[in-house]
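# Fold and contact review
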Amino acid sequence: MAYLFNTDEDIRDMLAAIGESSIEALFQSIPESIRCSQPLNIPPGMSEIELQRRMQEIARSNTGLQDSVCFLGGGAYDHFIPATVDHLALRGEFYTSYTPYQPEVSQGNLQAMFEYETMICQLTGMDVSNASLYDGATAMVEAVLLCLAAQSSAGRSVVVVPENIHPEYRQVLETYFQFMDYSVRSVPCPDGRVDRAAWEAALDDSVGCAVLAQPNFFGVVEDMHELTESVRRAGAHVVAVVDLISLGILQRPADWGADVVVAEGQPLGNPLQFGGPYLGILACRNTFLRRVPGRIAGQTVDSQGQRCWVLTLQTREQHIRREKATSNICTNQGLLALRATIYLSLLGPQGLRETALHCAWKTQYLAEQ
């Protein structure tokens, strides 16, 4: 970021533009009781070169991923990101026009969205994908909500969640449900696997959907067919939480019975970034098409018969439903979806398989240690 500051003249011009007389007037709505009353401990001003040196000095006190081995994960991983991803994603054509709300958004952005959605559908086996949500946890909540909304006429208001789902995902779901007429029913998972008897007992005619993770938070891969069949017999929908990299070697969620698939998109060419922003991925069957949050880009032809792209659906967005909107879309997700598209394009099917095999080998190696 450029080392630029506001001069007194700049400040006067900005205040005049918004009709205020002073900076202090901007904070009148904040009660005096919660304002900071003592001077901040801020050092004197520095020149640009002095500030750079100071920031580098502070940075050297940290230990970065380049200096040590990362054993953490849970949806955020230290994957290698080719320089091509940064080079293309930071081009001005994308970087300055990525707000994809307007129907007339640039053809380049629309095509990138369309390619992203196509790749996600190919990976998951689903019919449609959006572009896109904030992170994996909120994507899972959105998936649960659209499944329960589809079952509302039947009075189904319970979601069954095994304890091997990411704990933060479960916390986010419970936070949402505090203010809704829905409830969570947990199923124990001894040794990291779903207890089959408890799973069957949890499924009744009050259940609208069930969530399953493959692989789950503990890295366990289970046979999902029997679990999803139980959900089907109960008349409920299945939400799959997956690691998209793992789909280079594992069966697609559509093939084991998932209705909606969600994932954390950080491993797809997005850096760790101190915990975010990441990318929430949601794909589903056509049954849920008009309940999906976010943007869906489509391919068509223009008046001259040439191929072009359009925003096909954005049914839950703020500019359409206003105060009734139920979308949690953040516009910068368009850039993160673009990075995922570039990353997957660079890998290709064989590269994705090799990356998945490498991750599986590394996980097995660390477990054995």
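Here the structure is a predicted model, which is why all the values come from computation and not from measurement. (Residues numbered from 1 in each chain as written. Predicted model: local features only at pLDDT ≥ 70, side-chain atom pairs only at ≥ 80, totals over all residues. Heavy atoms only, no water.)

## Some remarks on the side chain of glutamine 214
Rule in force here: Each helix is a run of DSSP H or I of at least 4 residues and each strand a run of E of at least 2, with the numbering of both proceeding from the N terminus. Two residues form a contact once any of their heavy atoms are found within 4.5 Å.
Along the chain, glutamine 214 falls in strand S4 (residues 207–214). Each residue touching glutamine 214, except ones within four places of it in the same chain, is listed here: Val220, Val221, Glu222, Met224, Val241, Val242, Asp243, Ser246, Leu250 and Trp256.

## Looking at the packing of helix H6 (residues 136–150) against helix H7 (residues 167–177)
Convention followed: The axes used here are C-alpha line fits, helices contributing only the stretch in contact, and every angle between their N-to-C directions lies in the interval 0 to 180 degrees. Working definition: roughly parallel below 35 degrees, roughly antiparallel above 145 degrees, roughly perpendicular at 65 to 115 degrees, and oblique for all remaining angles. Two helices that cross are described as forming a left-handed crossing if the nearer one is turned anticlockwise from the farther one by less than a right angle, and a right-handed crossing if clockwise. Note on residue categories: nonpolar means Ala, Val, Leu, Ile, Met, Phe, Trp, Tyr, Cys or Pro, charged means Asp, Glu, Lys or Arg, and polar means any other residue, Gly included.
Across the interface, H6 lies against H7 with an axial gap of 9 Å and an inter-helix angle of 50°. The angle between H6 and H7 places the two elements in the oblique class. Handedness of the crossing formed by H6 with H7: right-handed. For the pair H6 and H7, the contacting residues are Gly136, Ala137, Thr138, Met140, Val141, Val144, Leu145 and Leu148 in the first and Tyr169, Val172, Leu173, Tyr176 and Phe177 in the second. Of the residues belonging to the contact of H6 with H7, the class tally is 11 nonpolar, two polar and no charged.

## Describing the state of the cysteines
We count it as follows: In this description, a disulfide is simply a cysteine sulfur pair whose atoms lie within 2.5 Å. Each residue gets one of three labels from its accessible area relative to the maximum for its type: buried under 20%, exposed over 50%, partly exposed in between, using a 1.4 Å probe on protein chains only.
Using the criterion set out here, one finds zero disulfides in the structure. The thiol sulfur of cysteine 209 is not disulfide-bonded, and the nearest other cysteine sulfur, from cysteine 147, lies at 4.8 Å. With a relative accessible area of 0%, cysteine 209 lands in the buried category.

## Comments concerning the sheet that holds strand S6 (residues 260–264)
Hydrogen bonds between backbone atoms are what pair the strands of a sheet, whose relative direction is either parallel or antiparallel. Filter applied, for reference: For two strands to pair, DSSP has to find at least two bridges joining them.
Strand order in this open sheet of seven strands is S1-S7-S6-S5-S4-S2-S3, and the pairing throughout is mixed. Single-partner strands in this sheet number two, and they are strand S1 (128–129) and strand S3 (183–187). Across six bridges, S4 lies against strand S5 (residues 237–242) in parallel orientation. Its bridge partner being in S5, cysteine 209 is matched across the sheet by histidine 237. Packing of helix H9 (residues 224–233) onto the sheet brings it into contact with S4 and S5, and relative to S4 it is tilted by some 170°.

## As for the pairing of S4
Using the following cut-off: Clockwise travel from the first strand over the helix to the second, with the strands pointing away from the viewer, marks a crossover as right-handed.
The element S4 is extensively covered by neighbouring structure, given that eight of its eight residues are classed as buried. Sheet topology note: the strand S2 (residues 158–162)/S4 ladder contains three bridges and is parallel. From the neighbouring strand, valine 160 faces S4, where its bridge partner is alanine 210. Taken together, S4, H9 and S5 form a β-α-β motif whose crossover is right-handed.

## Some thoughts on a nonpolar patch on the surface
Defined as follows: Note that patches include only residues with greater than 30% relative accessible area and no salt bridge, and the join distances are 9 Å for like charges and 5 Å for nonpolar side chains (Val, Leu, Ile, Met, Phe, Trp, Tyr). Areas reported here follow the Shrake-Rupley algorithm with a probe of radius 1.4 Å; residue values treat only the protein chains shown as occluding. The salt bridge definition used is simple: a Lys or Arg side-chain nitrogen within 4 Å of an Asp or Glu carboxyl oxygen.
On the surface, Ile18, Ile23, Leu26, Phe27, Ile30 and Ile34 cluster together into a nonpolar patch covering about 550 Å² of accessible area. On the basis of relative accessibility, which here comes to 32%, the residue isoleucine 30 falls in the partly exposed class.

## Some words on the pattern of salt bridges
All chains considered together, the criterion is met by nine salt bridges. Salt-bridge contacts for aspartate 204 lead to arginine 185; the nearest nitrogen and oxygen are separated by 3.1 Å. Pair noted here: aspartate 204 is in the loop between helix H8 (196–202) and S4 and arginine 185 is in strand S3, with a separation of 19 residues, a long-range link. Judged by relative accessible area, aspartate 204 falls into the partly exposed class, the value being 30%. Between aspartate 259 and arginine 232 there is a salt bridge, and its shortest N-O distance comes to 3.0 Å.

## Looking at the environment of arginine 193
The topology assignment puts arginine 193 in the loop between S3 and H8. Given a relative accessible area of 43%, arginine 193 falls into the partly exposed group. Sequence spacing of arginine 193 and asparagine 216 is 23 residues, and the spatial spacing of their C-alpha atoms is 8.5 Å. Those residues in contact with arginine 193, other than ones at most four positions away along the chain, are Asn164, Pro188, Val220, Val221 and Glu222.

## Observations regarding the nonpolar core
How we decide: Definition of nonpolar core: a set of buried residues of the types Ala, Val, Leu, Ile, Met, Phe, Trp, Tyr and Cys, connected through side-chain atoms within 4.5 Å.
In this structure, Tyr116, Val160, Trp199, Leu212, Leu244, Leu268 and Ile281 are the most contacted members of the largest nonpolar core, which totals 57 residues. The element contributing the most residues to this core is helix H11 (residues 333–368), with 10 residues.

## Remarks on the packing of aromatic side chains
Our working rule: Side-chain rings of Phe, Tyr and Trp, where Trp is taken by its six-membered ring, are said to pair if the distance between their centres is within 6.5 Å; with planes under 30 degrees apart they count as stacked, over 60 as edge-to-face, and otherwise as tilted.
The full count for this structure, using the stated rule, is two aromatic pairs. Ring centres of phenylalanine 177 and tyrosine 182 lie 5.5 Å apart, and the angle between their planes is 55°; this geometry places the pair in the tilted category. Take phenylalanine 177: its relative accessible area is 6%, and that puts it in the buried class. Between phenylalanine 217 and phenylalanine 218, the aromatic rings sit 5.7 Å apart at their centres with planes inclined by 75°, giving edge-to-face as the arrangement.

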